[in-house]
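Summary of structural features
Chain by chain, the residues:
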6 protein chains.
Amino acid sequence: MFRHTKRLQFEAKPERPDPVYARKLQELIGGAFGEMSVTMQYLFQGWNCRVEGKYKDLLMDTATEEIGHVEMLATMVARLLEGAPATMTAEAVKDPVMAAVIGGMDPMQAIVAGGGALPANCQGVPWNGGYIVASGNLLADFRANAAAEAQGRLQTARLYNMTDDPGVKAMLQFNLARDTVHQKQWLKAIEELEADGLETPIVPNAFFDEEDQVHNHTIWGLSDGTDGPTGGWSEGDDPLEYLLDPEPLGGPGTAPTPDPALFSTYSTVQDAEGTVKAKAQAAKKSSTKKTAAKKTTARKTAGKKTAKSARKRA
Amino acid sequence: MFRHTKRLQFEAKPERPDPVYARKLQELIGGAFGEMSVTMQYLFQGWNCRVEGKYKDLLMDTATEEIGHVEMLATMVARLLEGAPATMTAEAVKDPVMAAVIGGMDPMQAIVAGGGALPANCQGVPWNGGYIVASGNLLADFRANAAAEAQGRLQTARLYNMTDDPGVKAMLQFNLARDTVHQKQWLKAIEELEADGLETPIVPNAFFDEEDQVHNHTIWGLSDGTDGPTGGWSEGDDPLEYLLDPEPLGGPGTAPTPDPALFSTYSTVQDAEGTVKAKAQAAKKSSTKKTAAKKTTARKTAGKKTAKSARKRA
Amino acid sequence: MFRHTKRLQFEAKPERPDPVYARKLQELIGGAFGEMSVTMQYLFQGWNCRVEGKYKDLLMDTATEEIGHVEMLATMVARLLEGAPATMTAEAVKDPVMAAVIGGMDPMQAIVAGGGALPANCQGVPWNGGYIVASGNLLADFRANAAAEAQGRLQTARLYNMTDDPGVKAMLQFNLARDTVHQKQWLKAIEELEADGLETPIVPNAFFDEEDQVHNHTIWGLSDGTDGPTGGWSEGDDPLEYLLDPEPLGGPGTAPTPDPALFSTYSTVQDAEGTVKAKAQAAKKSSTKKTAAKKTTARKTAGKKTAKSARKRA
Amino acid sequence: MFRHTKRLQFEAKPERPDPVYARKLQELIGGAFGEMSVTMQYLFQGWNCRVEGKYKDLLMDTATEEIGHVEMLATMVARLLEGAPATMTAEAVKDPVMAAVIGGMDPMQAIVAGGGALPANCQGVPWNGGYIVASGNLLADFRANAAAEAQGRLQTARLYNMTDDPGVKAMLQFNLARDTVHQKQWLKAIEELEADGLETPIVPNAFFDEEDQVHNHTIWGLSDGTDGPTGGWSEGDDPLEYLLDPEPLGGPGTAPTPDPALFSTYSTVQDAEGTVKAKAQAAKKSSTKKTAAKKTTARKTAGKKTAKSARKRA
Amino acid sequence: MFRHTKRLQFEAKPERPDPVYARKLQELIGGAFGEMSVTMQYLFQGWNCRVEGKYKDLLMDTATEEIGHVEMLATMVARLLEGAPATMTAEAVKDPVMAAVIGGMDPMQAIVAGGGALPANCQGVPWNGGYIVASGNLLADFRANAAAEAQGRLQTARLYNMTDDPGVKAMLQFNLARDTVHQKQWLKAIEELEADGLETPIVPNAFFDEEDQVHNHTIWGLSDGTDGPTGGWSEGDDPLEYLLDPEPLGGPGTAPTPDPALFSTYSTVQDAEGTVKAKAQAAKKSSTKKTAAKKTTARKTAGKKTAKSARKRA
Amino acid sequence: MFRHTKRLQFEAKPERPDPVYARKLQELIGGAFGEMSVTMQYLFQGWNCRVEGKYKDLLMDTATEEIGHVEMLATMVARLLEGAPATMTAEAVKDPVMAAVIGGMDPMQAIVAGGGALPANCQGVPWNGGYIVASGNLLADFRANAAAEAQGRLQTARLYNMTDDPGVKAMLQFNLARDTVHQKQWLKAIEELEADGLETPIVPNAFFDEEDQVHNHTIWGLSDGTDGPTGGWSEGDDPLEYLLDPEPLGGPGTAPTPDPALFSTYSTVQDAEGTVKAKAQAAKKSSTKKTAAKKTTARKTAGKKTAKSARKRA
């Protein structure tokens, strides 16, 4: 259960309105790596965490902080929009500076939100749950968290360079600091998982004997750059071997004979003429006897018209 | 520019059809961490890479491989659907096993794709570009890549446990191996970025002096767990301090007086009666003089009706 | 700023696993009227609320409660999935009951979330910010809130009829009660807004003199039902008049001559021949002189090829 | 079945082009509360309406009108774009007013629609079916309708303040009037449902005895505002009681032991050490015996590698 | 399997930066008919193609080319953004030209991609798999391909008119040429399918005897235009007959009695009073006896409260 | 403006309920090529049509018919769901046939729509405006229409094979007939556009002289199939030449030096060492002088920290 205090985690007071910047800040609210994403990502990871104690506590502590970051940014946006030229008419647009500001504003912040923030990014695309990661595997998820905080601090730093309002910069300095801490904590938590013997560097900690033993240490050189093999990844204790000009290991990628009831285009003649697929199917013949029997029935279901077309095609 | 050979990178031949499993495999094609995602993620990172040489080559080599992974999986899906009961009628559903298979199948694979794979996940949600990460900062992006491959191998391992078809398992063993390599290579490439002096662990490598110096090493304890501070993150050379029961640093999170032309609800009386906002605004008065002047004009634009309502409200 | 306690607002303990039901519960988490929607809806309304005091407090109190509802439901889903047949193979599907359960399960809960809840609805569609309403006008928003809680309680009631697990039913009884309260409170808050003189029944409280005075009290009968005028809406103090077989008030809906640089299909001959559009344009001629001048320039920009095609068309 | 007349319900003739405003009008076409939404919302409600007669007639009459509103707005957008500087080059952007206009235009209206309207909102986000409400419960749906018309009139009023073109304003005056009528009619239809004894104020009209009797009249004070209890909702015949500083009713929100075949991180040691979850599980032991038996089998399915990792973790 | 060469299919060098145009080019990358769409459309069609040989080869050749087109455009965007005023502050916006440029730029290209292209359209909407067509029926799909290339060349031509940069125009001249070829090739491939006897003009080649014989050659005149019957479609060997003022063939579109457990609004009284639905149901009575029996049980499940409300409604 | 009659265009009465089939029918309502798509596609094309007369009339006639098709299908879905086991509990699922039916049903049809149709496809993905095509160029759009009707009839034919209910089959026979007509009419309308001299086969009818003259008749052979050149497209009057093993025409695809204020990874050393990019940039030097000057300023904006990191990197 959650509780709320009306005071912001950190102050969010711009010195003056800046509606163009208010639009850009939306990226930190509802973008793929905005505060809504980390809020929901850590909440779902925390609720689904199967290890009670320090890991779950760290998740829930950070998740709870992030809700407050959405709050700070939403408040900042409302304040940056104070007095914005929301109602300018076509006449007024003739003042080029005013017109430019209107061009750079987010029209939905006025029309839809009445001068407030939206659960969307800086291009108006609504935030969605497909952005977040919560798999139940803590190593996989903490790695995603460290990556998300890196993108978050990167975007914050870019936005920091896009304003000179002291109030906005003060809040972003706090955000930069929090993103530094959160990057550090997830990197440290990854080390801790290994120190505790819960996970090892490759996710998941399983199937190392079952996986293909020939290709679990090769990098396939499929682009014509020649510098790939000079990287540090090809050295050290567990070097990755760079395969230059590697050949495919599989046969031709052919789709099987279609179900006539689905009306996919098919030519029995052409197939019989010795195409790649015909050869591939020959090699596969024995294993499909049972299936073939089943298909005969399906053909009947498809009915007389289909049969007729099949004849025409043959 | 790209070229294509018809042979698959690895064989994709199931021993027998399994339409229920064909649906589940869609997650590896068009899910958030499916092969479409890593294909597009590495392509965009590679195209936008500003460091020629080993990093760009590694990106383009891996990107090019991943297109072939979508190909392997799409071929596998078409083969798993061969002879699937796509046309069963209501009568036939009375056979419980057949009915169950139909219940578990992806109806779009038959109706929309004619017995083939879709650019969507196992619930039919279309793949979208919001899944991918390509920021231009290689450390931020490689961290996202290592995270994506971890999720990918995790999902592959889960799916490996959901089938006993030897042909499917053989292909997944290859995929598991590739996901192992790709996790390793991005982790090593992260080390290489630091070894080359291009990046340091915190992304981006900037604003360390400007960021809030008080809160760039504190974890805020905002959930009632008590184990958070016992983690390794609170120890060592650069320990993170756990703030227990921290107080907010900012004032109340209030939205400013609305623009009357936008018809947000507002009460001048209530505001004057000494609410939190009134007090907050008093403290802020000096900085908003210029804005206030601008707003007067805006009120006039909104016209007589609005003025009337404003009076009624007062 | 927010704080979290690890105890759930209400207990969420199913008596036994039920993976098919776990899928259905996703609708209450990430559906259009699930708990993620009301959480975000009330948070954004609260942060953007311009009336300090009881309205903002009611919003923030309820918003904070709703975060805890997502938590209860996510926990319930994880518990309903305990021991679910996540790894069943094709062989096992031959047991019809097992097969049916697998068919009815959400495959992403296993593959993507590792046996936990997702930020998505019961069909796997991710929650998105387009579901929520936060306009800054409290009457408009409270009406949306009362509507959202009605849909929420309706869906909860339907789901209540779809289980007989006492633990699940106990939690849903709590949810039903909360949805009753929340419906009541928003309906009462609407009355309060009017009692306080802040809003009147029609949103927004403006432009009553400017709006079309002929058609601000007519219902247009455009379907052939004859019972429409018998409703109570046609009676009382402020009756709405039912227009039977009404005629359109406007002229033909024609699009103007296209910009040649955009290559929309256009026939100057056909237009000259006296079509509806030609007539409509004649009537409009005087007002477009200035525009015509501007267009001449645009035509030139489009270049010689376009001019040639235009000739050919003529 | 539907029929169409080419005349618009109301005239849609701007006095002059205004491409920046043409973008903003998209919100009324394809936004969450635009005309596409109310069209589809009323159509689906009407088709799914189980009460023949006045309610269904009102739905179908209004739905049919709304299709014509999309038509009016789409026509208006095409006319506002007439002669818009769609083809301006980089050179031309040096004229600041022209540049500003281009900055504020919707680039898709030119590139994708050739100077016409799009089925999208003012930020280019396509309209989608997740916006609409059609539950089969008329009270729940009429409440959503009254809310939708309120948002619609609010956005129309905001847009009315953003133009001074007499032709545009004339059309919007008609739209404002229709939104007034539609708000009134749904509010009256809600009263009618109750007068007819079909529904009562809380949706659905069921489970009042079953729902939690302690918490079906309490507002939980979870934010630190103190004005919540002063609202009218705490008074009158059926007052809602404000719980100040309420305690959670449930136990800790813990996720159960994960299925090893899904590779969620888990520590048997840590769990045994007396964490919250261990205690919670102890209390729950009796009810899960049957489940435990089932899980043993699942572990075996997951295979030898998993077993090995499990040992290592222990 | 795929291979990549670092050289672009065609040069992509603008003469000078143009950040406003860089935004517009996004439509050709990630719009509905951008290069990502044709890439994925042809890949999925090729992989799912059931006719080995010339058709599959044509698909795979073109698909592979299109990946390289995304590459050309992404490179062009990065170059157009070189030196773009990504970091301009509020002060700088006072220069109207600079401000206008900022207003017209895509803020995500800077904030999210660090000065590169995005997998999104010119309004920032992410590309998604719902755009593509791959049905397995080659005629249906080639028709979609010819349509997609037409839209693609149309958008390219519009964008060609929006720049005067010689480098950009040179690349677009190549793109225009490729779109010409691709339109031609799919139109020719459609002829080839018929020449080979694989398909006939109507898709699919089936059910011509089963389909409604009265209405497989009539155009229903449901709008009040009178020119429809004058088109060439009403002439020739296989003329389509224009039905003027046609009557509906079906009865009233009524929804059946609802399941009480779902709480849809229903009135037994009103239904009995002779509404359209009552009459419709009478006519349908005999066929629903079995269903009715089933429903009785369902009512019991819904429980006593529901029963009570049902009584009240009656 | 539109009018509605309550009678369906064709009867929609299933003989018996079939909830599994009701889910599949959703594809024809809200799928990419369902009736909502053609409705909206033809409406927007019609409203944006710049040629008054037969073309616009054909568009509006067909558009108006399609609204009625959504109506028929929505009615059919509600009737197929009559008596569906919406409220089955976990106990009841032990009946395998019942369980299978529940597994195959669309849970949202019960939970969200109360036993009715949804504006979504058969996997629950909401319909969205990104599906439709309306460009203003009639040839491009009619080609898309012919393609859409082909996909529509194909899906209808597949669904026709998935039921044996005489009532459902009767309605689908009508739909198949209408899809036959609509395919024919758009194909004929395409011929008419050419006969009228409005368009020629390649869209748009422009830039034939400007487009690349070398590559406007070549098919690039980029996949290793050898049958591509044997197709009819390489013959006849206007044969397309098949380029085997073609070489790229452009130079390396390199991204320019990044703006330091955006923190993209960059190495001045590595770049100086003679990478491909360094060479490419040398060739481009003269044209970027002006840009370089601008960038110097940008570097200063980025501030001292960045300068420091730049030094470290060097």
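The preceding data block contains the structure.
As a starting point, this report considers the structure included with it.

Quick notes on the rules
Residues numbered from 1 in each chain as written. Chains lettered and ligands numbered in written order. Predicted model: local features only at pLDDT ≥ 70, side-chain atom pairs only at ≥ 80, totals over all residues. Heavy atoms only, no water. Core = buried A, V, L, I, M, F, W, Y, C linked by side-chain atoms within 4.5 Å. Buried < 20%, exposed > 50% of the residue type's maximum accessible area, 1.4 Å probe, protein only. Contact = heavy atoms within 4.5 Å. Buried area = accessible area lost by both parts, 1.4 Å probe. Salt bridge = Lys/Arg side-chain N within 4 Å of Asp/Glu carboxyl O. Helix = DSSP H or I, 4+ residues; strand = E, 2+ residues; numbered from the N terminus. Nonpolar A, V, L, I, M, F, W, Y, C, P; charged D, E, K, R; others polar. Pairing = 2+ DSSP bridges. Expected span 1.5 Å × (residues − 1). Polar contact = N/O pair within 3.5 Å; in protein donor to acceptor, adjacent residues only side chain to side chain. Phe/Tyr/Trp six-rings, centres within 6.5 Å; stacked < 30°, edge-to-face > 60°. Lys NZ or Arg CZ within 6 Å of the ring centre and 35° of its normal. Axes fitted to C-alpha atoms, helices over the stretch in contact; angles between N-to-C directions. Parallel < 35°, antiparallel > 145°, perpendicular 65-115°, else oblique. Left-handed = near helix turned anticlockwise from the far one by under 90°. Least-squares fit on C-alpha atoms with pLDDT ≥ 70 in both. Lys, Arg positive; Asp, Glu negative; His and termini not counted.

1. Let's talk about the nonpolar core
By size, the foremost hydrophobic cluster in this structure holds 524 residues, and its most contacted members are F44(A), F44(B), F44(C), F44(D), F44(E) and F44(F). Excluding residues that lie within four positions of it along the chain, F44(E) makes contacts with I29(B), M36(B), V70(B), A117(B), L118(B), P119(B), I132(E) and A134(E).

2. Let's talk about the interface of chain B and chain E
Across the boundary between the two partners, chain B contributes 42 residues, which contact 42 residues of chain E. For the pair chain B and chain E, the summed buried area comes to about 3600 Å², and 66% of that belongs to carbon and sulfur atoms. The largest share of the area that chain B buries against chain E comes from M1(B), F44(B) and W47(B), three residues that together contribute 20% of it. At the junction of chain B and chain E, the tally comes to 2 salt bridges. Between K6(E) and D57(B) there is a salt bridge, and its shortest N-O distance comes to 2.3 Å. For the side of chain B that touches chain E, the elements supplying multiple residues, two or more each, are β1 (2–4), α2 (35–47) and α3 (54–80) of chain B. Looking at the side of chain B that touches chain E element by element, the count peaks at 9 residues for α3(B). Partitioning the side of chain B that touches chain E into residue classes produces 22 nonpolar, 14 polar and 6 charged. In the sheet, β1(B) pairs with strand β1 (residues 2–4) of chain E via 3 bridges, with the strands oriented antiparallel.

3. Remarks on the pattern of salt bridges
Scanning the entire structure with this criterion turns up 73 salt bridges over all chains. The shortest N-O distance in the salt bridge between E211(A) and R153(B) comes to 2.7 Å. Highlighted residues: E211(A) in the loop between α7 (166–195) and β2 (218–221) and R153(B) in helix α6 (residues 138–160), drawn from two different chains. For R153(B), a relative accessible area of 0% puts it in the buried group. A single salt-bridge network, built from bridges that share partners, covers E15(F), R16(F), D164(F) and D165(F).

4. Things to note about α6(B)
All names here are of chain B. The first and last C-alpha atoms of α6 sit 32 Å apart over 23 residues, in line with the 33 Å expected at 1.5 Å per residue. Within α6, 23 of the 23 residues are buried, leaving the element largely enclosed by the surrounding structure. The opening residue of α6, the one whose side-chain oxygen lies 3.1 Å from the backbone nitrogen of L139, is N137.

5. Quick notes on the side chain of K56(A)
Checked against the element boundaries, K56(A) lands in helix α3 (residues 54–80). Note on K56(A): relative accessible area 5%, which makes it buried. At a separation of 2.8 Å, a polar atom in the side chain of K56(A) contacts the main-chain carbonyl oxygen of G253(D). Those residues within four positions of K56(A) in sequence are excluded, and the remaining contacts are G46(A), W47(A), C49(A), V51(A), G253(D) and T254(D).

6. What to know about unusual backbone geometry
Cis peptide bonds are those with omega within 30 degrees of zero, and the linkage from V203(A) to P204(A) qualifies with -15°. Counting through the fold element by element, P204(A) comes out in the loop between α7 and β2. Non-glycine residue F207(B) carries a positive phi angle of around 65°. Mapped onto the fold, F207(B) is located in the loop between α7 (166–195) and β2 (218–221). When its relative accessible area of 2% is taken as the criterion, F207(B) is described as buried.

7. Quick word on the packing of aromatic side chains
Scanning the model with the defined rule gives 63 aromatic pairs over all chains in all. Arranged with centres 5.9 Å apart and planes meeting at 50°, the rings of W127(B) and W127(E) form a pair that is tilted. Taken together, the residues W127(B) in the loop between α5 (107–111) and α6 and W127(E) in the loop between α5 (107–111) and α6 (138–160) connect one chain to another. W127(E) carries the same exposure label as W127(B), and that label is buried. Ring centres of Y55(D) and F142(D) lie 6.1 Å apart, and the angle between their planes is 40°; this geometry places the pair in the tilted category. Placement of Y55(D) in helix α3 (residues 54–80) and of F142(D) in helix α6 (residues 138–160) is noted, with a sequence separation of 87 residues between them. Here Y55(D) falls in the buried class, since its relative accessible area comes to 0%. Ring pairing ties together the aromatic residues Y42(A), Y55(A), F142(A), W186(A) and W233(B), which thus form one cluster. The ring centre of Y160(B) lies 4.1 Å from the NZ or CZ of K169(B), which sits over that ring.

8. Thoughts on the packing of helix α1 (residues 19–30) of chain E against helix α4 (residues 96–104) of chain E
For any two helices packed against each other, one specifies the inter-axial angle together with the distance between the axes. Residue and element names in this part refer to chain E. At a closest axis distance of 8 Å, the pairing of α1 and α4 adopts a crossing angle of 15°. In terms of orientation, α1 and α4 fall into the roughly parallel class. Crossing of α1 over α4 shows left-handed handedness. Note on element contacts: α4 touches α1 through V101, G103 and G104, opposite P19, V20 and R23. For the contact of α1 with α4, the residue count by class is 3 nonpolar, 2 polar and 1 charged.

9. Quick notes on the relation of the copies chain B and chain A
Its rotation angle being 180°, the transformation that places chain B on chain A also includes 0.0 Å of axial translation and leaves an RMSD of 0.0 Å. Such a combination of rotation and displacement between the chain copies is what one expects of a two-fold axis. Comparing interface residues between copies, 100% of those in chain B also sit at the interface in chain A, which points to an isologous, same-surface contact.

10. Quick look at the interface of chain B and chain A
Think of interface size as the accessible area that goes away when the parts come together; that is how it is often given. On the chain A side, the residues contacting the 117 residues of chain B number 117 residues. Around 10200 Å² of area is buried between chain B and chain A when both sides are counted, 59% of it from carbon and sulfur atoms. Applying the counting rule to chain B against chain A returns 4 salt bridges. The set of elements that each furnish at least two residues to the side of chain B that touches chain A consists of α3, α6, α7, β2 and α10 (289–313) of chain B. In terms of residues, the side of chain B that touches chain A owes the most to one element, α7(B), which gives 14 residues. Residue composition of the side of chain B that touches chain A, grouped by class: 48 nonpolar, 39 polar and 30 charged.

11. Brief notes about the relation of the copies chain B and chain E
Between chain B and chain E, which share one sequence, the superposing operator has a rotation angle of 180° and an axial displacement of 0.0 Å; the RMSD is 0.0 Å. The residues that chain B uses at the interface reappear at the interface of chain E in 100% of cases, marking a shared surface.

12. Things to note about the environment of P107(B)
All names here are of chain B. Mapped onto the elements, P107 comes out in helix α5. Looking at P107, the relative accessible area reads 9%, which means it is buried. With 17 residues separating them along the chain, P107 and G124 place their C-alpha atoms 9.0 Å apart.

13. Notes on the side chain of E149(D)
Residues and elements named next belong to chain D. Locating E149 in the fold gives a position in helix α6. Despite its burial, E149 remains without a salt bridge, the nearest opposite charge being carried by R153 at 8.5 Å. Those residues in contact with E149, other than ones at most four positions away along the chain, are V38, Y42, E66, D179, H182, Q183 and W186.

14. Concerning the environment of H4(E)
For H4(E), the location among the structural elements is in strand β1. Its relative accessible area of 6% is what places H4(E) among the buried residues. Sequence spacing of H4(E) and D259(E) is 255 residues, and the spatial spacing of their C-alpha atoms is 59 Å. Ignoring any residue separated from it by four or fewer positions in sequence, one finds H4(E) in contact with L222(A), S223(A), D224(A), M1(B), F2(B), M60(B), T64(B) and E71(E).

15. Regarding the pairing of β2(A)
Residues and elements named next belong to chain A. Of the two faces of β2, the one lined by T218 and W220 and the one lined by I219 and G221 are each fully buried. The pairing of β2 with strand β3 (residues 241–244) spans 4 bridges and is parallel. Each bridged residue has a counterpart across the sheet, and for T218 the counterpart in β3 is E241.

16. Observations concerning helix α7 (residues 166–195) of chain D
Spacing of three or four residues puts side chains on the same side of an α-helix, whose turn is 3.6 residues. All names here are of chain D. The end-to-end C-alpha distance of α7 is 43 Å, a good match for the 44 Å that 30 residues give at a rise of 1.5 Å each. For α7, the buried fraction is high: 22 of the 30 residues fall into the buried class. Where α7 begins, the capping side chain belongs to D165, and its oxygen is found 2.8 Å from the backbone nitrogen of G167. Once α7 ends, the next one or two residues include G197, with phi positive near 70°.

17. Some thoughts on the packing of helix α2 (residues 35–47) of chain E against α6(E)
Residue and element names in this part refer to chain E. Contact geometry for α2 and α6: axes closest at 11 Å, N-to-C directions at 165°. With respect to their mutual orientation, α2 and α6 come out roughly antiparallel. Remark: the crossing between α2 and α6 carries left-handed chirality. Here α2 contributes V38, Q41, Y42 and Q45 to the contact with α6, which in turn contributes D141, F142, A144, N145, A148 and E149. Residues of the contact of α2 with α6, tallied by class, amount to 5 nonpolar, 3 polar and 2 charged.

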